[in-house]
Amino acid sequence: MHYVGSLEPYIERKMFTVNTGHCVAAYFGYLEGFKTIRQVMSHAPLRAKVRKVMEETGAVLIAKHGFHPQKHRKYIDTILERFANPNLTDQVTRVGRSPLRKLSPYDRLVRPAMQASEFRIEIPHLTSAMAAAMLFNHEHNEEAMKLQHLIREDGVSAFIREHM
């Protein structure tokens, strides 16, 4: 156990690293036709994309909360290894579910993007991940179908403005 004066930095670290990394692996993997997070992590180009997103959100955490850069990099390495664990078979479609919630302003994709803007941190990989989330159209996921309906009906710009 590690005692700290404030939980907020550690809650955000978990959200912006573990949760963000996990869902972007799912969204990138879904677009490539992978079935499990482990398969995504076994594909070097996608694993690198997930890492880049986690590095961008890590830059926000370091700027905002003062996490040590080398220690945070080790934290990212640990999480990526956890995602690649051969004993876990997490389905891409399960991890990708609830894209509307994950694209909301207070969740794991948009929230770190907004904070990155405050610190003038560029986030091309996180932006790409948000676009991938907007393309998640798994037919057995009601929220994904609602997302696609909103985008079809109102357009991408309106969706971003009204929901993100």
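Residues numbered from 1 in each chain as written. Predicted model: local features only at pLDDT ≥ 70, side-chain atom pairs only at ≥ 80, totals over all residues. Heavy atoms only, no water.

A. Spotlight on the packing of aromatic side chains. According to the stated counting rule, one finds 3 aromatic pairs in the structure shown. An angle of 65° between the planes, with centres 5.3 Å apart, marks the rings of tyrosine 27 and phenylalanine 136 as edge-to-face. One end of the pair, tyrosine 27, is in helix α1 (residues 8-32); the other, phenylalanine 136, is in the loop between α8 (124-134) and α9 (142-154), and 109 residues separate them in sequence. Relative accessible area serves as the criterion here: at 0%, tyrosine 27 is assigned to the buried category. (Phe/Tyr/Trp six-rings, centres within 6.5 Å; stacked < 30°, edge-to-face > 60°. Helix = DSSP H or I, 4+ residues; strand = E, 2+ residues; numbered from the N terminus. Buried < 20%, exposed > 50% of the residue type's maximum accessible area, 1.4 Å probe, protein only.)

B. Expanded view of the side chain of threonine 20. Counting through the fold element by element, threonine 20 comes out in helix α1. Judged by relative accessible area, threonine 20 falls into the buried class, the value being 0%. Among residues more than four places away in sequence, those in contact with threonine 20 are Met15, Val53, Thr57, Arg108, Leu109 and Leu126. (Contact = heavy atoms within 4.5 Å.)

C. Up close: the pattern of salt bridges. In total, this model carries 11 salt bridges according to the counting rule given. A salt bridge links lysine 64 to glutamate 8; the shortest N-O distance between them is 3.5 Å. One end of the pair, lysine 64, is in helix α3 (residues 44-65); the other, glutamate 8, is in helix α1, and 56 residues separate them in sequence. When its relative accessible area of 31% is taken as the criterion, lysine 64 is described as partly exposed. Classification of glutamate 8 as partly exposed rests on a relative accessible area of 40%. Glutamate 55 is paired through a salt bridge with arginine 73; the nearest N and O atoms lie 3.0 Å apart. Taken as a pair, glutamate 55 in helix α3 and arginine 73 in helix α4 (residues 69-83) lie far apart in primary sequence, 18 residues in all. Residue classification places arginine 73 among the partly exposed residues on the basis of a relative accessible area of 40%. A cluster of three or more residues bridged by salt bridges with shared partners is formed by Arg51, Lys52, Glu55, Arg73 and Asp77. (Salt bridge = Lys/Arg side-chain N within 4 Å of Asp/Glu carboxyl O.)

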